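Residues per chain, in single letters:
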Amino acid sequence: MKTLLIWFVLMNLDTGHSTETHDQVLSITSKTQEQVDVLKNISTQHETVLWQPDSPQYIREESHVHLFVPANSSKTVKDLLQKHSIAYVILLDNTKELIEMQTRNVSTDPRSSSSYYQRYHSLEEIYYWINWTAQNNPSTVKVILIGSSYEKRPLYALKLTLNNRPNKTALWIDCGIHAREWIAPAFCLWFVQHSLSFYGRNKDITNILDNMDVYVLPVMNPDGYKYTWTTDRMWRKNRSISKGSSCIGVDLNRNFDANWCTMGASHEPCSQIYCGAFPESEPESQAVADFLRSHKDSVQLYLTIHSYSQMLLFPYSCTLDEVENHQDLLEMAQEAAQNIKRHYGNNYKYGAGAKTIYLAPGGSDDWVYNLGIKYSFTFELQDRGEYGFLLPPSHISKACKEAVTAVKAIALKVIEKT
Ligand code: ARG
Ligand code: ZN
């Protein structure tokens, strides 16, 4: 009798799971303006998270919208889509398992093993890794505290100096400005490891590090990153509290002083692209801006790492105007994209941000450009929506190798030109 009862309970649990109650990601395409409006409405009025584009204001006719729909709003959302004859396909049906896969740490690989760099790591682990890396490379790696986050977590950058030539220029790379883009911090770790182990063994890496110091900020938005591990995997912004609103967070990539909060950003604290109360209102963006202001004579190349969509972007994003060295930047991005294609077979789009995706003012790349750092790029790493932000750990290696290829192509050109 007892076994029968247990069996009955398990059966019920099981059927409970197999009904249509998964969190899903839908790819939705609106054909008409009316459908666009319905979709904008769905993404703002119902409990969903927009994956692509970053904000409903960017939704257009024929654009492929990726929308995360939690189980409890699944029926309502699908009914609305059906009612307005809006076509959709299910992109992801197993988000729970994918999240589990991304956070599972079965083995405790040593930080020196290559498998360590093929997993995602918690914020605490990344802090340990920063220290460990500096301790193990005392003559070449320094930790620099550039500021602290809204919730007072330290912002540590690593400085790699592999060669003591005088008058070296520098390369800056930041990762993880947007919390849910986990492949970005993974890339920063990968890049440091790759640089340290291939210096003196790989011609390009050696050439780059002989000519440039490298600053790497692995997690620009530690509060947001932490929050994606503990509470909400889909979180994008930082975690600052706004006066007069219960909504939390500023989009740090709308908070820089480059046509701040014009079209493509929002004054509304509840928006995913909220620009903040004023330019550099956030301690994270201010720390990066302060550091770059005081190092603008040495830093010649600025890279900021995001995901997803596979693009190599350069200024401007805050206006449709072309920058003065547009042709240079275009050629560099083109060569980088061609190298990725040749070595790894993947397609990366490239071009000025505003023309390639959308107007998005207040970004770090544009601000840095206007500061005088004329080689400034935003990388959008893998993938193109197959897994989106939930890129499985097994894809980290290829995503990072592609990005290293692009960094090399661009850095070598900068060295040639300066
Ligand atoms: N998806 C990125 C964002 O919306 C693109 C960044 C491109 N650069 C920029 N300044 N908006 O932040
Ligand atoms: Zn991003």
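Coordinates for the structure precede this section.
Note that the structure is a prediction, hence the values are computed from the model and not measured.

Undergrad: Would you explain the layout of surface pockets in this entry?
TA: Gaps left between atoms are located by rolling a probe of water-molecule size over the structure's atoms. Approximately 870 Å³ is the volume found for the largest pocket. Around the largest pocket, the lining comprises 38 residues; the ones closest to its centre are Gln52, Pro53, Met311, Ile357 and Tyr358. When residues of the lining of the largest pocket are traced back to their parent elements, those giving at least two are strand 2 (49–52), strand 3 (64–69), strand 9 (299–307), strand 10 (311–314) and strand 12 (375–381). The class makeup of the residues in the lining of the largest pocket is 12 nonpolar, 17 polar and 9 charged. Of the volumes computed, that of the second largest pocket is approximately 650 Å³. In terms of lining, the second largest pocket is formed by 23 residues, of which the most central are Ser43, Thr48, Val49, Cys270 and Gln272. Listed by contribution, the elements that provide at least two residues to the lining of the second largest pocket are helix 2 (33–45) and strand 2.

Undergrad: Sorry if this is basic, but what is going on with unusual backbone geometry here?
TA: Excluding glycine, residues mostly have negative phi values, and the peptide bonds linking residues are mostly trans. Following Pro315, the chain continues to Tyr316 via a peptide bond in cis, the omega torsion being 0°. In this structure, Glu62 is a non-glycine residue whose phi angle is positive, near 70°. Relative to the helices and strands, Glu62 is located in the loop between strand 2 and strand 3. Here Glu280, not a glycine, exhibits a phi torsion of approximately 60°, which is positive. If you trace the backbone, Glu280 turns up in the loop between helix 8 (222–230) and helix 9 (283–294). Glu280 sits in the buried class, given a relative accessible area of 13%.

Undergrad: Please explain the coordination of the zinc ion (ligand 2) as it appears in this structure.
TA: Octahedral metals with six donors have ideal donor angles of 90 or 180 degrees. Tetrahedral metals with four donors have an ideal donor angle of 109.5 degrees. Within the protein, the zinc ion (ligand 2) binds to His178 (ND1), Glu181 (OE), Glu181 (OE) and His306 (ND1); these donor distances fall in the range 2.1 to 2.4 Å. Mapped onto the sequence, the residues coordinating the zinc ion (ligand 2) show the spacing H-x2-E-x124-H. Pair noted here: His178 is in the loop between strand 7 (169–175) and helix 6 (183–198) and His306 is in strand 9, with a separation of 128 residues, a long-range link. As far as burial versus exposure is concerned, His178 and His306 are alike and both buried.

Undergrad: Help me understand empty space enclosed by the protein, please; the structure alone is not making it clear to me.
TA: Tallying each qualifying case throughout the model produces 3 cavities of 30 Å³ or more. Roughly 60 Å³ of volume is contained in the largest cavity. Considering the residues around the largest cavity, the lining is formed by Leu123, Ile126, Tyr127, Ile130, Pro154, Leu155, Tyr156, Leu217, Pro218, Val219 and Pro222. When contributions to the lining of the largest cavity are tallied by element, the ones reaching two or more residues are helix 5 (123–136) and strand 6 (154–160). For the lining of the largest cavity, the leading source of residues is helix 5, giving 4 residues. Its residues assigned to classes, the lining of the largest cavity shows 11 nonpolar, no polar and no charged.

Undergrad: What is the right way to look at the sheet that holds strand 6 in this model?
TA: Sheets are built from strands that pair by backbone hydrogen bonding, the pairs being arranged parallel or antiparallel. Here 8 strands make up an open sheet; going across it, the order is 5-6-8-7-9-12-10-11 and the pairing mixed. Bordering the open sheet on either side are strand 5 (141–148) and strand 11 (349–352), each of which pairs with just one other strand. Direction aside, neighbouring strands of the sheet carry axes that sit 20° apart on average. Bridging between strand 10 and strand 12 involves 3 bridges; their strand directions are antiparallel. Residue pairing in the sheet places Met311 in a bridge with Glu380 of strand 12. Packed on one face of the sheet, helix 13 (residues 396–417) meets strand 7, strand 8 (212–217), strand 9, strand 10 and strand 12 and runs near 170° to strand 12.

Undergrad: Quick question: what am I supposed to make of the nonpolar core here?
TA: Side chains of nonpolar character tend, in soluble globular proteins, to be buried together. Core analysis: the largest hydrophobic core is formed by 92 residues, its most contacted members being Ile146, Trp172, Phe187, Leu292, Leu301, Phe377 and Phe379. Per-element tally for this core: the top contributor is helix 13, with 12 residues. Not counting residues up to four positions away in its chain, the partners in contact with Phe379 are Leu303, Thr304, Ile305, His306, Met311, Leu312, Ala403, Ala406, Val407 and Ile410. Ranked by size, the runner-up nonpolar core spans 14 residues in total, among them Leu50, Ile59, Leu67 and Val77.

Undergrad: Whenever I open this one, the packing of aromatic side chains confuses me. Can you help?
TA: Any aromatic ring pair is given by two values, namely how distant the centres are and how the planes are angled relative to each other. Considering all chains together, one arrives at 18 aromatic pairs under this definition. Plain terms: the ring middles of Phe187 and Phe191 are 5.8 Å apart, the flat faces sit at 40° to each other, and that makes the pair tilted. Taken as a pair, Phe187 and Phe191 lie in helix 6 at a separation of 4 residues, close to a single helical turn. Taking the relative accessible area as the measure of exposure, Phe187 reaches 0% and is therefore buried. Arranged with centres 5.0 Å apart and planes meeting at 75°, the rings of Tyr215 and Phe291 form a pair that is edge-to-face. Here the residue Tyr215 occupies a position in strand 8, and Phe291 occupies one in helix 9, the gap between them amounting to 76 residues. With respect to burial, Tyr215 and Phe291 carry one shared label: buried. Every member of this aromatic cluster is reached through a ring pair, and the members are Tyr120, Trp182, Tyr225 and Trp229. For the cation-ring pair, Arg201 lies above Phe198, with the distance from its terminal atom to the ring centre recorded as 4.7 Å. Between Arg233 and the ring centre of Trp182, over which it is positioned, the NZ or CZ distance is 3.7 Å.

Here is what the cut-offs are and how they apply
- Residues numbered from 1 in each chain as written.
- Chains lettered and ligands numbered in written order.
- Predicted model: local features only at pLDDT ≥ 70, side-chain atom pairs only at ≥ 80, totals over all residues.
- Heavy atoms only, no water.
- 1 Å grid on protein atoms, 1.4 Å probe; cavity = no way out; pocket = protein on both sides within 12 Å on 5 of 7 lines; lining within 4 Å.
- Points joined across faces, edges and corners; volume = space filled by probe spheres on them.
- Helix = DSSP H or I, 4+ residues; strand = E, 2+ residues; numbered from the N terminus.
- Nonpolar A, V, L, I, M, F, W, Y, C, P; charged D, E, K, R; others polar.
- Buried < 20%, exposed > 50% of the residue type's maximum accessible area, 1.4 Å probe, protein only.
- Donors = N, O, S within 2.8 Å, 3.2 Å for Na, K, Ca; no water.
- Pairing = 2+ DSSP bridges.
- Axes fitted to C-alpha atoms, helices over the stretch in contact; angles between N-to-C directions.
- Contact = heavy atoms within 4.5 Å.
- Core = buried A, V, L, I, M, F, W, Y, C linked by side-chain atoms within 4.5 Å.
- Phe/Tyr/Trp six-rings, centres within 6.5 Å; stacked < 30°, edge-to-face > 60°.
- Lys NZ or Arg CZ within 6 Å of the ring centre and 35° of its normal.

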